[in-house]
Amino acid sequence: DAKTTQPTSMDCAEGRAANLPCNHSTISGNEYVYWYRQIHSQGPQYIIHGLKNNETNEMASLIITEDRKSSTLILPHATLRDTAVYYCIVRVGGTSYGKLTFGQGTILTVHP
Amino acid sequence: AAGVIQSPRHLIKEKRETATLKCYPIPRHDTVYWYQQGPGQDPQFLISFYEKMQSDKGSIPDRFSAQQFSDYHSELNMSSLELGDSALYFCASSYPGRNTEAFFGQGTRLTVV
């Protein structure tokens, strides 16, 4: 699986957009970008995933660069409950059972 | 909506004892994953099953074994427990289809004393 690189930590003001970057310069053509978050020892929570097109759901937006070497997760209006560790994961596509390999994520702190 | 159920939520065992963790996937999910998360660490992939067959294996110690049963629930068996096995153990499941997301349970906190 491709290695990802994320900032160790980021801060965001409540109500503002949180933009979390991820570098995955060695990503292969059949690998998807997944984002999960983990709120203090709870089970990781799925946020969003995509291959090459930008994606949006009720939680967030995912922007993938045209060369697919990096992506940005956008939380449009961060709240205090969004404080968590955010993981960017590259996963081999084509099946439903490819493993998710967690690396060092970004600790996002949302402050009032 | 139904979620992944793990039991027990907390477990305390002594060194050299055995432990069995159970995972009940979301209905109609056919794939189960097991992860271990030590204190201050990121989740580490242990093993996964697809349609009751092992589909991938990670850094799972030889003292551990797992299987997926006909009803798709899974059990992680841990023997000769060591202090270093103290961790959160997460199970996740995903449904049939390509590139589907995996949903995690709330985990079992194992403490070995």
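Everything quoted here is computed from the prediction, not taken from an experiment.

Conventions adopted
- Residues numbered from 1 in each chain as written.
- Chains lettered and ligands numbered in written order.
- Predicted model: local features only at pLDDT ≥ 70, side-chain atom pairs only at ≥ 80, totals over all residues.
- Heavy atoms only, no water.
- Contact = heavy atoms within 4.5 Å.
- Buried area = accessible area lost by both parts, 1.4 Å probe.
- Salt bridge = Lys/Arg side-chain N within 4 Å of Asp/Glu carboxyl O.
- Helix = DSSP H or I, 4+ residues; strand = E, 2+ residues; numbered from the N terminus.
- Buried < 20%, exposed > 50% of the residue type's maximum accessible area, 1.4 Å probe, protein only.
- Phe/Tyr/Trp six-rings, centres within 6.5 Å; stacked < 30°, edge-to-face > 60°.

Colleague: Even after reading the chapter, I still don't get the interface of chain B and chain A, so can you show me in this structure?
Modeller: How big an interface is tends to be stated in terms of the accessible area lost upon association of its parts. Between chain B and chain A, the contact holds 28 residues from the first and 24 residues from the second. Summing both sides of the interface, chain B and chain A together bury roughly 2000 Å²; the carbon and sulfur share of this comes to 51%. When the buried area of chain B at its contact with chain A is split by residue, Asp 42, Asn 99 and Phe 104 of chain B rank highest and sum to 28% of it. Along the contact surface separating chain B from chain A lie 1 salt bridge. Between Asp 56 of chain B and Lys 99 of chain A there is a salt bridge, with the nearest N and O atoms lying 3.9 Å from each other.

Colleague: Is there a simple way to think about the environment of Val 112 of chain B in this case?
Modeller: All names here are of chain B. Within the fold, Val 112 resides in strand 11 (residues 108–112). Take Val 112: its relative accessible area is 6%, and that puts it in the buried class. Residues Val 112 and Ser 93, spaced 19 residues apart in sequence, show a C-alpha to C-alpha distance of 26 Å. Residue contacts for Val 112: discarding those within four places in its chain leaves Lys 13, Glu 14, Lys 15, Leu 81, Glu 82, Leu 83, Asp 85 and Ser 86.

Colleague: Would you mind going over the packing of aromatic side chains with me for this structure?
Modeller: What describes a pair of aromatic rings is the distance from one ring centre to the other and the angle between the planes of the rings. Summed over the entire model, instances satisfying the criterion amount to 10 aromatic pairs over all chains. Aromatic pair Tyr 36 of chain A and Phe 102 of chain A: ring centres 6.2 Å apart, planes at 65°, arrangement edge-to-face. A residue pair is termed long-range when its members are at least 10 positions apart, and Tyr 36 of chain A in strand 3 (residues 31–38) and Phe 102 of chain A in the loop between strand 8 (84–92) and strand 9 (106–111) qualify at 66 residues. For Tyr 36 of chain A, a relative accessible area of 0% translates into the label buried. Through a chain of ring-to-ring contacts, three or more aromatic side chains come together here, namely Tyr 36, Tyr 46, Tyr 87 and Phe 102 of chain A together with Tyr 35, Phe 45, Phe 103 and Phe 104 of chain B.

Any link to function would need more than the numbers given here.
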